[in-house]
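Listed here are the chains, written in short residue letters.
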Amino acid sequence: MTAEEIKLYIRKAKTSDIETITRIENQQFLHPWKKHQFTSELTHDISYFYVCEDVSTKEVVGYIIFWIIEETMELHTIAVSKKYKQKGIGKRLFLFMMETAKKKKVEEIFLEVRCSNTEAIAFYESFHFQQVGVRKDYYSSPPEDALIYKLTLPSHKR
Ligand SMILES: CC(C)(COP(=O)(O)OP(=O)(O)OC[C@H]1O[C@@H](n2cnc3c(N)ncnc32)[C@H](O)[C@@H]1OP(=O)(O)O)[C@@H](O)C(=O)NCCC(=O)NCCS
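This section reports on the structure supplied with the text. What you see is a predicted model; the values in this text were computed from it and never measured.

### Overview of the overall build of the chain
Here is step 1: A count of helical and extended segments in the chain gives four helices and seven strands.
Here is step 2: Ordered by position in the sequence, the α and β elements of the chain form the string β-α-α-β-β-β-α-β-α-β-β.
Here is step 3: When its C-alpha atoms are laid out on the principal axes, the chain stretches across 40 × 40 × 35 Å.
Here is step 4: In the chain, which comprises 158 residues, the proportion classed as buried is 27%.
Here is step 5: Considering only contacts within the chain whose residues lie at least 6 apart along the sequence, 55% involve residues at least 24 apart.

### As for the site of the ligand
Here is step 1: Around the ligand sit 18 residues, and of these Gly 90, Lys 91, Glu 119, Ala 122 and Ser 126 come closest.
Here is step 2: Counting only elements with at least two residues in the shell around the ligand, the list comes to β4 (72-80), α3 (89-103) and α4 (118-125).
Here is step 3: The greatest single-element share of the shell around the ligand, amounting to four residues, is contributed by α4.
Here is step 4: Here the shell around the ligand is composed, by residue class, of eight nonpolar, six polar and four charged.

### Description of the pairing of strand β6 (residues 130-139)
Here is step 1: Across six bridges, the pairing between β6 and strand β7 (residues 144-152) is antiparallel. Looking at the pairing, Arg 135 lines up with Ala 146 of β7.
Here is step 2: What sits between β6 and β7 in their antiparallel hairpin is a turn of four residues, with Ser 141 showing a positive phi close to 35 degrees.

### Some words on the nonpolar core
Here is step 1: One finds Tyr 50, Tyr 63 and Ile 64 to be the most contacted residues of the largest nonpolar core, which totals 36 residues.
Here is step 2: Contributions of two or more residues to this core are made by α1 (18-28), β2 (47-54), β3 (59-69), β4, α3, β5 (108-114) and β7.
Here is step 3: Broken down by element, the residue count for this core peaks at six residues, all from β3.
Here is step 4: Residues within four places of Tyr 63 in sequence aside, it is in contact with Ala 13, Ile 21, Tyr 50, Val 51 and Ala 79.

About the thresholds
Residues numbered from 1 in each chain as written. Predicted model: local features only at pLDDT ≥ 70, side-chain atom pairs only at ≥ 80, totals over all residues. Helix = DSSP H or I, 4+ residues; strand = E, 2+ residues; numbered from the N terminus. Buried ≥ 20, exposed ≤ 12 C-beta atoms within 10 Å, placed from the backbone. Contact = placed C-beta atoms within 7 Å. Near = placed C-beta within 6 Å. Nonpolar A, V, L, I, M, F, W, Y, C, P; charged D, E, K, R; others polar. Pairing = 2+ DSSP bridges. Core = buried A, V, L, I, M, F, W, Y, C linked by C-beta atoms within 7 Å.

Honestly, that's just the spatial picture; any functional story needs more than this.
Okay, structure coming up:
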């Protein structure tokens, strides 16, 4: 089934989602965030923490966290549950982030990604993000560079 076929709903994350989010996180990352890190994201004013829910099963199938600081947005994390990957769910979450950027008059979106994470790189490049820098050995175990990606949005002032 694709995202068009699965009925999806994007809503704010809440404390009761953290268990499922942590499970997805543990499936998907070498160095997963801990529960308390997700819980703390629920309390920051600048943090936008949303989940994507399968309407029919009420299952949380993905999540996204981004920050907005003045005109700049930073993507902090995005992940989709293993069995729901490559069905357009990441895209739904990402488009939601982009719509929020537009509404909040964000001018630039930044993100960092492990240089070996080819699926995430392909995903970001599909939204026309461009690599603008490298942080040498930014990640540990294994040590790896972070690639910095940026998207400039049409300015509302120009
Ligand atoms: C990155 C991630 C969120 C993408 O979510 P997804 O729901 O699987 O992606 P989508 O199905 O919405 O894909 C959208 C587009 O991204 C690209 N893409 C996604 N997965 C890809 C893959 N494995 N290989 C190549 N391109 C890929 C494609 O262009 C795709 O468009 P298409 O389906 O029309 O070809 C998901 O792979 C994931 O959870 N990865 C593990 C966590 C992670 O690494 N997060 C990023 C941390 S920096």
